[in-house]
Amino acid sequence: MNVFSFISNIFEPAVKLIDEIHTSDEEKLKLQAQIKAVENELLAKVIDYESKLLEGKTAIITAEATGQSWMQRNWRPITMLTFLALVVLNSFGLLVTPLADEAWTLLQIGLGGYVAGRSAEKITQQYLKARPADAKGNDMAKG
């Protein structure tokens, strides 16, 4: 269940309860509108939080992708190649002990981070190329 469904499910019983209240239709609609307003405000805050979280992750990946050190830029691909070798060896039964479930989870997280990192790196490169020059004609990306 995603967070949006979870939030909607929290407010659903209150909306149903309002339908059962013995009051005028106008009052019911007013109460339902107030509950929907609170629900929408909560959803907006969740979206804002998710957006800030994504910005933070993007900043980390961008810093890695544009880092000065060869190791800083390439640790994810090296790690993923290592996991690929382990998966292949595991598939053919060549490991002394099979990979644990946690290793598969780590592989999924790492692959997701690697794909996102490569995408962020490409986007960053395109952004830096497209940045406008200042009034003196200097590239603003160089500081």
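Remember, it's a predicted structure, so these values are computed and weren't measured experimentally.

**Q** Just to check I follow, could you spell out the overall build of the protein for this structure?
**A** On a plain count of helices and strands, the protein comes out with four helices and zero strands. The N-to-C order of helical and strand elements in the protein reads α-α-α-α. Taken across its 143 residues, the protein has 19% of its residues classed as buried. Considering only residue pairs separated by 6 or more positions, the protein has 43% of its internal contacts joining residues 24 or more positions apart. When the accessible surface of the protein is split by element, carbon and sulfur atoms take 63% of a total near 11000 Å².

**Q** How should the packing of helix H2 (residues 25-65) against helix H3 (residues 70-91) be read in this particular structure?
**A** In a pair of packed helices, the angle between the axes and the distance between the axes together describe the arrangement. The geometry of H2 relative to H3 is characterised by a closest axis approach of 7 Å and an angle of 115° between their N-to-C directions. Accordingly, the angle class assigned to the pair H2 and H3 is roughly perpendicular. Across the interface between the two elements, Ile-61, Ala-63, Glu-64 and Ala-65 of H2 pack against Gln-72, Arg-73, Trp-75 and Arg-76 of H3. Partitioning the contact of H2 with H3 into residue classes produces four nonpolar, one polar and three charged.

**Q** Explain H3 here, please?
**A** Compared with an ideal rise of 1.5 Å per residue, which puts 22 residues at 32 Å, H3 spans 31 Å between its outermost C-alpha atoms and is within 8% of the ideal. At Arg-76, H3 shows its largest kink, close to 35°, and the proline Pro-77 lies no more than four residues downstream. Within the span of H3, buried status applies to Arg-76, Met-80, Phe-83 and Val-87. The N-cap of H3, judged by a side-chain oxygen 3.2 Å from the amide nitrogen of Met-71 a few residues on, is Ser-69. Looking one or two residues past H3, Gly-93 carries a phi angle of roughly 70°, positive in sign.

About the thresholds
Sequence positions are assigned chain by chain, starting from 1 and proceeding in written order. Where totals are concerned, whole chains, interfaces and linings use all residues; where local detail is concerned, this predicted model gives features only for residues with pLDDT of at least 70, and gives and counts side-chain atom pairs only at 80 or more. Where side-chain values are given, they derive from all heavy atoms of the structure, hydrogens and water being excluded. Only DSSP runs of H or I reaching four residues or more are called helices, and only runs of E reaching two or more are called strands; each is numbered from the N terminus. Buried residues are those whose accessible area, probed at 1.4 Å on protein chains only, stays under 20% of the maximum for their type, while exposed residues exceed 50% and partly exposed ones sit between those limits. Should any heavy atoms of two residues lie within 4.5 Å, those residues are considered in contact. Calculation of accessible area relied on Shrake-Rupley with a 1.4 Å probe; when residues are assessed, cover is drawn exclusively from the protein chains displayed. All axes are obtained by fitting lines to C-alpha atoms, using only the stretch in contact for helices, and the reported angles, taken between N-to-C directions, cover 0 to 180 degrees. Orientation categories follow fixed angle ranges, with anything under 35 degrees roughly parallel, anything over 145 roughly antiparallel, 65 to 115 roughly perpendicular, and all other angles oblique. When residues are grouped by polarity, Ala, Val, Leu, Ile, Met, Phe, Trp, Tyr, Cys and Pro land in nonpolar, Asp, Glu, Lys and Arg in charged, and all others, Gly among them, in polar. Every helix has an expected span of 1.5 Å times one less than the residues it contains. Values of bend correspond, residue by residue, to the angle between axes fitted over the seven residues ending at that residue and the seven starting there. Contacts described as polar in this section are N or O atom pairs within 3.5 Å, which, within protein, must combine one atom able to donate a hydrogen with one able to accept it, while residues neighboring in sequence count only if both atoms come from side chains.

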